[in-house]
Amino acid sequence: MIRSGAAKNIIVMAGAGISTSAGIPDFRSPGTGLYANLQKYRLPYPEAIFTIDYFRKQPRPFYVLAKELYPGQFVPTACHFFVQLLAQRGLLLRHYTQNIDCLEREAGVEPGLIVEAHGSFHEAHCIGSGCGKGFPQDWLREHIFDDRTPRCDECGSLVKPDITFFGEGLPVRFFELIEDDFAACDLLIVMGTSLQVQPFASLVGNVGGSVPRLLINRERVGETVGHSGGFDFDGKRSADSVHRDALVLGDCDDACLLFAEKLGWAGELASLRAAFTVRKGLEAGAGAS
Ligand code: CNA
Ligand code: ZN
């Protein structure tokens, strides 16, 4: 479809799995996922670390974790650069990510093409009722790296980066764009997500009824999301004419490298990765001097 020009409004939906090879653990992979490694924070239950009510009472575990995961310390993966290749060729309608690591920005994808569905570290606000004062990213970053809990200078309440916790609404931008984007989509690629978090997960059902959907993931997921909108890899629910779901079970970097090769883009993908390394090296050099 990409080669023939039939797909030119591609939406990518991504989750933590596209960043695990960068060294950022996902939530749910057994043994290596964040939830499996949160014992040291003595949480009442693992998801508490991203739950707004718990955060109001106990903000430290989140801030300790935020320091570990803070954007800028990791290198984008083959998946991120593959998305940037789609963008460079004018084929990317939008990249919807649940990730808060900003690695798609780091890979060069322009912010207008990205929807950070669960927010990001780019801005921060006071969560005191009736306050909501905004704070710049650098200020927040300094607090996180100095192990100081950020507090509002107006009302003394906690300041939290604008990442979406359980119990909070998604960013306005998400709701502003989904309707038109998914109506215009002609190929959906879903990578590295367990599709367990709503409303993100049910977006797979928002593309047109015959639009091809590809899942690249280590495990088979998304067959029951939404009412009838979930994947139908075996064609059990669909007539032959609309059987349009495909599954690549495995590592998403491997799959993106394979796709790049099949599309004749392998050289470009390698160049993007090399250019990133050079740029970071120059930045580090400039910082040191
Ligand atoms: P999840 O629930 O942890 O699922 C990750 C999925 O990716 C699982 O199905 C894994 O099998 C799969 N997976 C992991 N590594 C690979 C790989 N290399 N190749 C292919 N598949 C792989 O994570 P979701 O993103 O689905 O959950 C939504 C949460 C996770 C969002 O709210 C994120 O904010 C949150 N999160 C983000 C990050 C990040 O920003 N990098 C890290 C951890 C969690
Ligand atoms: Zn305040």
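Throughout, residues of each chain are indexed from 1 in the direction in which the sequence is written. Chains and ligands are labelled by the order in which they are written, letters from A for the one and numbers from 1 for the other. Where totals are concerned, whole chains, interfaces and linings use all residues; where local detail is concerned, this predicted model gives features only for residues with pLDDT of at least 70, and gives and counts side-chain atom pairs only at 80 or more. Derived side-chain values reflect all non-hydrogen atoms in the structure, with water molecules and hydrogen atoms excluded from consideration.

- As annotated in an unreviewed UniProt entry, the protein chain carries the name NAD-dependent protein deacetylase and comes from Coemansia biformis.
- UniProt positions are given in the numbering used here, feature names are shortened, and annotations may be inferred rather than shown by experiment. The UniProt entry for the protein chain carries this comment under Catalytic activity (unreviewed entry): "N(6)-acetyl-L-lysyl-[protein] + NAD(+) + H2O = 2''-O-acetyl-ADP-D-ribose + nicotinamide + L-lysyl-[protein]".
- In its Subcellular location (unreviewed entry) section, the UniProt entry covering the protein chain states "Nucleus".

Some remarks on the coordination of the zinc ion (ligand 2)
Okay, so step 1: We call an atom a donor if it is N, O or S and sits within 2.8 Å of the metal, or 3.2 Å for Na, K and Ca. Water is not counted, so some sites may look partial. At the metal site, the zinc ion (ligand 2) is ligated by Cys126 (SG), Cys131 (SG), Cys152 (SG) and Cys155 (SG), and these contacts range over 2.2 to 2.3 Å.
Okay, so step 2: Coordination geometry of the zinc ion (ligand 2): the four donor atoms subtend angles of 95 to 115° at the metal centre, consistent with an arrangement described as tetrahedral.
Okay, so step 3: Each donor residue of the zinc ion (ligand 2) lies on the same chain, and together they follow the pattern C-x4-C-x20-C-x2-C. Between 85 and 135 degrees for all angles marks four donors as tetrahedral; over 155 degrees for opposite donors together with 65 to 115 for all other angles marks four donors as square planar and six as octahedral; every other arrangement is irregular.

Some details on the sheet that holds strand β7 (residues 187-191)
Okay, so step 1: Strand order in the open sheet formed by six strands is β3-β2-β1-β7-β8-β9, and the pairing between neighbours is parallel. Strand pairing shows two members of the sheet lacking a second neighbour, β3 (114-116) and β9 (245-249), which therefore form its edges. Strand-to-strand twist across the sheet, computed as the mean angle between neighbouring axes with direction ignored, equals 15°.
Okay, so step 2: Contact definition: two residues touch when any of their heavy atoms are within 4.5 Å. Angles run from 0 to 180 degrees between N-to-C directions of axes, and those axes are lines fitted to C-alpha atoms, restricted for helices to the stretch in contact. Only DSSP runs of H or I reaching four residues or more are called helices, and only runs of E reaching two or more are called strands; each is numbered from the N terminus. Sheet strands touched by helix α6 (residues 172-184): β1 (10-14), β2 (92-97), β3 and β7. Its angle to β2, the strand with the most contacts, is close to 135°. For two strands to be treated as a pair, DSSP must find no fewer than two bridges joining them.

Re helix α5 (residues 137-145)
For the α-helix, the turn length of 3.6 residues means that residues three or four positions removed from each other point alike.
Okay, so step 1: Within α5 the residues assigned to the buried category are Leu140, His143 and Ile144. Take α5 and look down its axis: the buried residues cluster within an arc of 100°, on one side only.
Okay, so step 2: In this structure, the buried side of α5 is in contact with α2 (60-69), β4 (119-126) and β6 (159-163).
Okay, so step 3: At the C-terminal side of α5, Asp147 shows a positive phi close to 60°. Each residue is placed in one exposure class: buried if its accessible area under a 1.4 Å probe, protein chains only, is under 20% of its type's maximum, exposed if it is over 50%, and partly exposed if it falls in between. In this description, one arc is meant: the one made by directions from the helix axis to the C-beta atoms.

Section: the UniProt feature "binding site: Zn(2+)" (unreviewed entry) in the protein chain
Okay, so step 1: Under the feature "binding site: Zn(2+)" (unreviewed entry), the UniProt entry names Cys126, Cys131, Cys152 and Cys155. Of the residues just listed, which span 30 residues, no C-alpha pair is farther apart than 9.0 Å, and they cluster in one region. The subset of these annotated residues that lines the second largest pocket comprises Cys126.
Okay, so step 2: Ignoring anything within four residues of it in the chain, the contact list for Cys126 reads Cys131, Gly132, Lys133, Phe135, Cys152, Cys155, Ser157, Leu158 and Val159.
Okay, so step 3: Locating Cys155 in the fold gives a position in the loop between α5 and β6. In the cavity and pocket records, a cavity denotes points on a 1 Å grid over the protein atoms alone where a 1.4 Å probe fits but cannot get out, a pocket denotes an open set with protein on both sides within 12 Å along at least 5 of 7 lines, and lining residues are residues with an atom within 4 Å of a point.

Here we look at the pairing of β2
Okay, so step 1: With six of six residues buried, β2 lies mostly within the body of the structure.
Okay, so step 2: The pairing of β1 with β2 spans five bridges and is classified as parallel. In the strand pairing of β2, Ala14 is matched with Thr97.
Okay, so step 3: Where β2 meets β3, three bridges bridge the pair, whose relative direction is parallel.

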